Amino acid sequence: EAGVTQFPSHSVIEKGQTVTLRCDPISGHDNLYWYRRVMGKEIKFLLHFVKESKQDESGMPNNRFLAERTGGTYSTLKVQPAELEDSGVYFCASSQGLGDSRAKNIQYFGAGTRLSVL
Amino acid sequence: AQSVSQHNHHVILSEAASLELGCNYSYGGTVNLFWYVQYPGQHLQLLLKYFSGDPLVKGIKGFEAEFIKSKFSFNLRKPSVQWSDTAEYFCAVNGGDMRFGAGTRLTVKP
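Attention in this report is confined to the structure presented alongside it. Bear in mind that the values here come from a model prediction, so they are computed numbers and not experimental data.

Two cysteines, two sulfur atoms, one covalent bond between them: this is a disulfide. Going through the model one piece at a time under the given rule, you end up with two disulfides over all chains. The disulfide partner of Cys23(A) is Cys92(A), and the S-S distance across this bridge is 1.8 Å. Looking down the S-S bond of the Cys23(A) and Cys92(A) bridge, the torsion is -65 degrees, so its handedness is left-handed. Of the two residues, Cys23(A) sits in strand S3 (residues 19–24) while Cys92(A) sits in strand S9 (residues 88–95), which places them 69 residues apart along the sequence. The pair Cys23(A) / Cys92(A) is uniform in exposure class, with both members buried. Shown here is the disulfide that connects Cys23(B) with Cys91(B), its sulfur atoms set 1.9 Å apart. The disulfide joining Cys23(B) to Cys91(B) has a torsion of about -65 degrees about its S-S bond and is therefore left-handed. Residue Cys23(B) is located in strand S4 (residues 23–26), and its partner Cys91(B) is located in strand S10 (residues 87–94); the two are separated by 68 residues in the primary sequence. Accessibility assignment for this pair places Cys23(B) and Cys91(B) in one class, buried.

Once that is clear, we can look at the pattern of salt bridges. Under the definition given, this model contains 11 salt bridges over all chains. The partner of Arg37(A) in a salt bridge is Glu88(B), and the shortest N-O contact between them spans 2.8 Å. Residue Arg37(A) is found in strand S4 (residues 31–37), and its partner Glu88(B) is found in strand S10; the two belong to separate chains. For the pair formed by Arg37(A) and Glu88(B), the shared burial category is buried. Note that Arg64(A) and Asp86(A) form a salt bridge whose closest N and O atoms lie 2.5 Å from each other. Of this pair, Arg64(A) sits in the loop between strand S6 (53–56) and strand S7 (65–68) while Asp86(A) is found in the loop between strand S8 (75–79) and S9, placing the two residues 22 residues apart along the sequence. Judged by relative accessible area, which is 14%, Arg64(A) ranks as buried. Among the residues examined, Asp86(A) registers a relative accessible area of 1% and is labelled buried.

Procedures and definitions
Residues numbered from 1 in each chain as written. Chains lettered and ligands numbered in written order. Predicted model: local features only at pLDDT ≥ 70, side-chain atom pairs only at ≥ 80, totals over all residues. Heavy atoms only, no water. Disulfide = S-S within 2.5 Å. Helix = DSSP H or I, 4+ residues; strand = E, 2+ residues; numbered from the N terminus. Buried < 20%, exposed > 50% of the residue type's maximum accessible area, 1.4 Å probe, protein only. Salt bridge = Lys/Arg side-chain N within 4 Å of Asp/Glu carboxyl O.

Spelled out as structure tokens, the structure:
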């Protein structure tokens, strides 16, 4: 079974440019999450999709960040325009439907995209 | 608001030493508790989890963790570490949304 895949693995851009990160969740997982880790700090929640709908986007830093999950499959996270403080590792995770089974609450992570804004 | 605190930023041990990584959380309701590990160059992997029942949970690679509800703690332990355990370890708490600690980098010297 393929895991969560993220592309690119590393992106280096200049301040003011636009970057789009992509996440392909595990097939059949309704839940998709985006997280960000700024160097040395905790992994912070950004948002949560259930299928194509945004369930919770309370962690999105500002309106320069736009996440989409058209069709409820893969997701993109666009940063436009990028600022220096956006640098960090962006993780994507997916899980099955939450339902009543706590076992379905396990999130599986991708390897992350390291974003460097210069 | 939920928060997770990991006490150690970087731990350096020799092979065969015992390991204990601290994790405390603040949340008043029912939580699911996790330890994830990220080996160099790899993705975050689930090491072990606690949902309910026996507060001592065993995970992969000889790791275990104990949930002490009264202390809001979920410390990770391993009796004897190996060089291959060198990685970063993250404690996470899910009481509705997943919240992570800042991570503890473990270096095991051969």
